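Topology and contacts: notes
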Amino acid sequence: MSESSDGAKPCVLLIDPIPSWIVDRARDLFDLIVLPHEDERPAEFLDNVDRILGIAMPGFARVNAAMMALMPNLQIAACFGVGYDGIDVSYAKQHGIAVSNTPEVLTDCVADLGMALTLATLRKVVEGDRYVRAGRWRSEGILDLSHSPRGRCLGIVGLGRIGMELAKRAEAFGMTIAYYNRSERDDVPYPYHASAVALAEACDVLALTCPGGAATLNLINAEVLEALGPKGYLINIARGSVVDEAALVQALSAQSIAGAGLDVFADEPMVPEALFAFENVVLQPHQASATVETRTAMGNLTIDNLLAHFQGRLLPNKVA
Ligand code: 8YV
């Protein structure tokens, strides 16, 4: 079905981790080479670089110009994720390499984790769990009181599909919504703020759902955190690169913000160890879209994009 005109299956490089059942499906359709990591250079890869026509890759894999330049016949990079900031898109465009992603199928799960982090942080869910397990409830009495989301304002940086779903969930918990975007939307009822600083000043919980990449690098810096203030919380389900992590550690140490819920980090899986010390910080291993259901849908969509390309059809999710 995915055969090219000479009858051969197209050769695809798949960068792990992608669920095993998706890898199995891809193996049926493509002549598959699996790389454990984008930095690996095993012989199976190096001996076949000329044959590789497509890449399937996790959103966070760094498929930069040097990596793509190794494969002179590369035609498509299909990203297993909505954020494709790991791909050098301008190199891909210059060299006629198509780029696709997997939007929509992960929107609900990512928004769910954004809400879960908001609740976990404000309501001390993880801190409470640690408190019980350590026997402190018995020895020290009740945990310090937590905070209700009700009546608080959720400020969303990047009001796209995921931001909108997070807004819906937050409204169900009695929160009001405000946002900052590259440009104001005329189709939402929420107040717009013209900068991240202005939004941080106006909200109680600042949630990041914007794309990563150069345009948002360190957007949440010391000034924004100061504007968020000692009663404000930061929630990041976007990309670690959006936050100046040193400034965040500094703000948490100085208690100039109230806490943070973080699913993403600048140099994953390396998490700044300074964050481990804060009881008011909830840490997750970049798992917002990581449910069996969503990762299956993402994997199938990644394959659909590759198949569409090799069969000469329009890509369902072409981003470049
Ligand atoms: C995944 C993501 O963690 O979609 C994204 O942008 O960050 C996640 O869904 C990643 O792409 C999995 O490979």
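Our subject is the structure listed above.
Structural notes, computed from the coordinates. Note that the coordinates shown come from a computational prediction; the quantities given were computed from them, not determined experimentally. (Residues numbered from 1 in each chain as written. Predicted model: local features only at pLDDT ≥ 70, side-chain atom pairs only at ≥ 80, totals over all residues. Heavy atoms only, no water.)

Among the seven residues that make up strand 3 (residues 52–58), seven are buried, leaving the element largely enclosed by the rest of the structure. Strand direction decides the pairing type here: strand 1 (residues 11–15) and strand 3, joined by four bridges, are parallel. Each bridged residue has a counterpart across the sheet, and for Leu 14 the counterpart in strand 3 is Ala 56. Pairing of strand 3 with strand 4 (residues 76–80) involves five bridges; the strand directions are parallel. Paired with Met 57 across the bridge in strand 4 is Cys 79. (Buried < 20%, exposed > 50% of the residue type's maximum accessible area, 1.4 Å probe, protein only. Helix = DSSP H or I, 4+ residues; strand = E, 2+ residues; numbered from the N terminus. Pairing = 2+ DSSP bridges.)

Ranked by internal contacts, the top residues of the largest apolar core, which has 50 residues, are Phe 30, Leu 154 and Leu 306. Here this core gets seven residues from one element, more than from any other, and that element is helix 5 (residues 107–122). Built from parts of two domains, this core gets at least three residues from each of domain 1 (11–103 + 292–310) and domain 2 (107–283). Ala 227, Leu 228, Ala 251 and Phe 265 belong to the second-largest nonpolar core, a separate cluster that totals 33 residues. (Core = buried A, V, L, I, M, F, W, Y, C linked by side-chain atoms within 4.5 Å. Domains from an automatic or database assignment.)

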